[in-house]
Amino acid sequence: MLQARILLQPRSQLRHLRLVVQTFSYSSSSNFGFHVGASFAGKPPLRGERIFSPSTRFPPESDIGKWAQDQLRIKRRLKTKNSGEDSFFVQELKDHSGVAVGIADGVGGWSDSGVDPGVFSQALMYHGARFAKRGWADDSYPSSVNSAEESIQPWELTPENCLELAFNAVLRDTLVDAGSSTGLISTFNARSGLMKAANLGDSGFMIIRNRIAFPKLITSIVLIPRRMRQPGLITDSPKDADLYECRLRHGDIVLCYTDGVSDNVWPQELIAISSVMTRQGGSEQELAQNMADAVVEYAMNAMNRNDRVSPFEHAAALERQRWVGGKVDDATALAILVSEEVHEPSSEVPIV
């Protein structure tokens, strides 16, 4: 993985935004509804590793501190206390036009410099949610009118726009001194069912349709400010994110995850997990949450085993590196279940 190295000198404060995430079920008068489950588990500390407390990353009275605590209070089966260096967001887009989700994995190498890697990833997701709340899934929705303001023409918030806006906001955030992370942001259009995604780094996603997966392989990106660049370093920006589009259907399942999942769980195992959880029944929201919990739980068990070949071990072998079993890491997963409202043609005979 190419690691990002960003030194930040922020200077502005941000307005308060508090996102309470007790349930992630989004539907409207549009054609599609999205039911989102989120789960996470921080890795156990290694011997000699410096430990950063997630509860002290941001002042508890700060806007981002309150947001981060709310993210950890979601109702889920796993009782893990924190997400480690990972972070995520789930945010309904303006005027019920859709939903945006994001997932980020802080680069652990910053701990060697005394920097908590989770600070950057949480800040990136916080600002991503902040901008997603103000954008539409596309620009065809009616203008938003406020009695105290003029009519506002809707503007489409694409995932790459959201990622770039969030990244620039982190650069200005006075609570973030340094850091870097991967970043995956996806939007889901409630009218058309169109999913769009932008990704930087080795987090990933998979679309499961009729037990067939459509994985999207992602390459790593490194982000380095101009003042820190040296000869031979590879540099990119959020504008260089890998982009993806897919029109979803009723019954589709979208899984988003950090590399704590993809390094330890094979794609066919993710398909099997989703199939087993679907057969257990329950509401769509319960299925989404149970599925996210099951993916993280399976990943945490797999990363501590050395009696099976993990995706990470396989990748290492291709590079002529020796590795046995799973790779211990933080694991975060989002499961999005897609439902589509079918409009039946009217059977009534018009009265002439």
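Here the residue index of a chain counts from 1 through its sequence in written order. Local features in a predicted model are, by the rule used here, given only for residues with pLDDT of at least 70; side-chain atom pairs are given and counted only at 80 or more, and totals for whole chains, interfaces and linings are based on all residues. Hydrogens and waters are ignored; side-chain quantities use all the structure's heavy atoms.

1. Topic: the sheet that holds strand β4 (residues 86-92)
To keep it simple, the criterion reads: Think of it this way: DSSP has to see at least two bridges between two strands before they count as a pair. Counting from the N terminus, the helices are the DSSP runs of H or I reaching at least four residues and the strands are the DSSP runs of E reaching at least two. Convention adopted: a line fitted to C-alpha atoms gives each axis, helices being fitted over their contacting stretch, and angles between N-to-C directions are expressed from 0 to 180 degrees. For this analysis, residues touch if any pair of their heavy atoms sits within 4.5 Å.
Strand order in this open sheet of five strands is β4-β5-β7-β8-β11, and the pairing throughout is antiparallel. Pairing within the sheet leaves two strands with one partner each, and these edge strands are β4 and β11 (242-247). Shown here is a sheet whose adjacent strand axes are inclined to one another by a mean of 10 degrees, direction ignored. Relative to strand β8 (residues 194-200), strand β7 (residues 183-189) runs antiparallel, the two being bridged by six bridges. Paired with L184 across the two strands is N199, which belongs to β8. Along the sheet, helix α2 (residues 117-132) contacts β4, β5 (98-105) and β7; its crossing angle with β4, the most-contacted strand, is approximately 5 degrees.

2. Quick look at the pairing of strand β3 (residues 32-41)
Test applied: Using a 1.4 Å probe on the protein chains alone, a residue whose accessible area is under 20% of its type maximum counts as buried, one over 50% counts as exposed, and one in between counts as partly exposed.
Within β3, 10 of the 10 residues are buried, leaving the element largely enclosed by the surrounding structure. Covered by surrounding structure in β3 are F32, F34, V36, A38 and F40 together with G33, H35, G37, S39 and A41, the residues of both alternating faces. Bridge count between β3 and strand β13 (residues 331-340): 10 bridges; the pairing is antiparallel. Each bridged residue has a counterpart across the sheet, and for H35 the counterpart in β13 is L337.

3. As for the confidence of the model for the protein
Defined as follows: pLDDT is defined as a per-residue confidence score from the predictor, taking values between 0 and 100.
Summary statistics for the protein give a mean pLDDT of 80 and a share of 76% for residues scoring 70 or more. Mean pLDDT per element in the protein: strand β1 (residues 6-7) is the minimum at 36, and strand β12 (residues 253-257) is the maximum at 96. When the criterion is pLDDT under 50, residues 1-23 qualifies, and its contacts beyond four places in sequence or with other chains add up to 89 contacts. This stretch, residues 217-230, has a pLDDT under 50; its non-local contacts, to residues over four places away or in other chains, come to 47 contacts.

4. Quick look at the packing of aromatic side chains
As a reminder, the rule being used: The rule is short: rings of Phe, Tyr and Trp, with Trp giving its six-membered ring, pair when the centres are within 6.5 Å, and they are stacked under 30 degrees, edge-to-face over 60, tilted in between. Sitting over a ring, as applied to charges here, requires NZ of Lys or CZ of Arg to be within 6 Å of the ring centre and within 35 degrees of the ring normal.
Applying the stated rule across the entire model yields five aromatic pairs. A centroid spacing of 5.5 Å and a plane angle of 50 degrees characterise the contact between F34 and F188, whose relative ring orientation is tilted. Here F34, found in strand β3, pairs with F188, found in strand β7; they are 154 residues apart in sequence, far enough to count as distant. For F188, a relative accessible area of 0% translates into the label buried. Ring geometry for F312 against W323: centres 4.9 Å apart, planes inclined by 75 degrees, an arrangement best described as edge-to-face. Remark: W323 occurs in the loop between α7 (311-318) and β13 and F312 occurs in helix α7; sequence separation between them is 11 residues. A cation over an aromatic ring shows up here: K327 above the ring of F312, its NZ or CZ 5.5 Å from the ring centre.

5. A word on the packing of α2 against helix α3 (residues 159-172)
To be explicit about the condition: When an angle is under 35 degrees it counts as roughly parallel; over 145 it counts as roughly antiparallel; between 65 and 115 it counts as roughly perpendicular; any other value is oblique. A crossing counts as left-handed when the near helix is turned anticlockwise from the far one by less than a right angle, and as right-handed when that turn is clockwise.
Put simply, α2 and α3 touch, their axes get as near as 8 Å, and they point 125 degrees apart. Classified by the angle between their axes, α2 and α3 sit oblique to one another. When the axes of α2 and α3 are compared, the crossing they make is right-handed. In this structure, α2 contributes F120, A123, L124, H127, G128, R130, F131 and A132 to the contact, and α3 contributes C162, L163, L165, A166, F167, A169 and V170.

6. Some words on empty space enclosed by the protein
Once rolled over the atoms, a probe with the size of a water molecule shows which space is left empty. Test applied: In this analysis a 1.4 Å probe is tested at points of a 1 Å grid over the protein atoms alone, and where it fits but cannot get out there is a cavity; an open set with protein on both sides within 12 Å along at least five of seven lines is a pocket; lining residues have an atom within 4 Å of a point. Grid points are joined across faces, edges and corners, and a volume is the space filled by probe spheres set on the points.
Throughout the structure, instances matching the rule amount to three cavities of 30 Å³ or more. Taken as a whole, the largest cavity encloses approximately 60 Å³ of empty space. Lining the largest cavity are W67, A68, Q71, L72, S83, D86, S87, F88 and Q122.

7. Let's talk about the environment of P59
For P59, the position within the fold is in the loop between β3 and α1 (63-71). Under the relative-accessibility criterion, P59 is labelled partly exposed at 32%. Each C-alpha atom of the pair P59 and L175 lies 8.8 Å from the other, and the pair is 116 residues apart in sequence. Among all residues touching P59, those that are not within four sequence positions of it are G65 and L175.

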